[in-house]
Amino acid sequence: MAEVPIITIDGPSGSGKGTIARRVADALGWHLLDSGALYRLVAHAGHLRGLHPADEPGHARLAETLDASFETTADGGERVLLDGRDVTAAIRTEACGGGASRVAAMPAVRAALLERQRAFARPPGLVADGRDMGTVVFPGAALKIFLTASAEERARRRYKQLKDKGSSASLAALSLEIAERDRRDASRPISPLRPADDAVIVDSTSMSVDAVVARVLELADQARLAAH
Ligand code: DC
């Protein structure tokens, strides 16, 4: 069977990966893997079951057995289901993001999610967004993007996102949380956040979403990935 073409989009929290990955997947008609949602689901399921936050084997078992599914909503957004129940909003909270970052530092959880993530690679292609898509999960991907933006800009974007959803948020608290999560994600011994050697770095600090999508599609074209 011909290899499934894969574009990986890695980068820190708030760099816009999720939005960009979805738009690129839509433009190409490819599947999407939101790997961060898997880590969020493990943290959320652990919380629901009353697991201790440091219980690595318990969270790894959850990662293996998780009944997770992803749907696209009528407005093109993502709906995430856990055991058939809609948990989209629950897993997007900052608290769940913090929990996800902690379970993501557990080697047994990462190992348990590896094959589950690779199973998303199906024809005609996959856009995979996360932290280690290009370095660990899909090292053979045809195009690897490392999307970044300044910490201030990322905090500002997250603040706007939360406000738009009607959640209360403090810009100062978000900046601290983002800096702390960056530090944890980049300094963990297993699969730390770093660009793959062959990744193209795209700094989106002063770029619009449209401009970043256009840049990624242009790179896909150059890599002869886009059949459009
Ligand atoms: O992208 P996100 O904010 O939904 O990710 C939630 C957490 O999961 C984040 O702190 C880092 C972690 N994560 C990871 O370690 N590896 C991935 N491939 C995706 C996310």
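Residues numbered from 1 in each chain as written. Predicted model: local features only at pLDDT ≥ 70, side-chain atom pairs only at ≥ 80, totals over all residues. Heavy atoms only, no water.

(A) Representation of the sheet that holds strand β1 (residues 6–10). Pairing in this open sheet of 5 strands is parallel, and the strands run β2-β6-β1-β7-β8 from one edge to the other. Taken across any chain shown, the strands that pair with only one partner, and hence form the sheet edges, are β2 (31–34) and β8 (200–203). Each strand axis lies, on average, 20° off the axis of its neighbour in the sheet, ignoring direction. Sitting on the sheet, helix α10 (residues 209–222) is in contact with β1, β7 (143–148) and β8, with an inclination near 160° to β7. (Pairing = 2+ DSSP bridges. Helix = DSSP H or I, 4+ residues; strand = E, 2+ residues; numbered from the N terminus. Axes fitted to C-alpha atoms, helices over the stretch in contact; angles between N-to-C directions. Contact = heavy atoms within 4.5 Å.)

(B) Expanded view of helix α9 (residues 171–187). If you check α9, its first and last C-alpha atoms are 24 Å apart, about what 17 residues at 1.5 Å a residue would give, namely 24 Å. Every buried residue of α9 is listed here: L174, I178, R181, D182, R184 and D185. Where the residues of α9 are buried, they touch α2 (35–48), α5 (94–103) and α8 (151–164). (Expected span 1.5 Å × (residues − 1). Buried < 20%, exposed > 50% of the residue type's maximum accessible area, 1.4 Å probe, protein only.)

(C) Fine view of the environment of T72. The residue T72 is located in strand β3 (residues 68–72) in this model. The exposure class of T72 is exposed, given its relative accessible area of 57%. Spatially, the C-alpha atom of T72 lies 22 Å from that of A100, the residues being 28 residues apart in sequence.

(D) Broad picture of the packing of aromatic side chains. Under the criterion given, the structure shown has 1 aromatic pair. Seen from their ring centres, F70 and F120 are 6.0 Å apart, and the 75° between their planes marks the pair as edge-to-face. Taken together, the residues span a long stretch of sequence, with F70 in strand β3 and F120 in the loop between α6 (107–118) and β6 (126–130) at a distance of 50 residues. For F70, a relative accessible area of 26% corresponds to the partly exposed category. (Phe/Tyr/Trp six-rings, centres within 6.5 Å; stacked < 30°, edge-to-face > 60°.)

(E) Fine view of the sheet that holds strand β4 (residues 78–82). Reading across from one edge, β3-β4-β5 is the order of the 3 strands in this open sheet, with antiparallel pairing throughout. The open sheet is flanked by β3 and β5 (85–86), the only strands paired with a single partner. Sheet topology places β4 next to β5; 2 bridges connect them, and they run antiparallel. Residue pairing across strands places L81 opposite D86, the latter belonging to β5.

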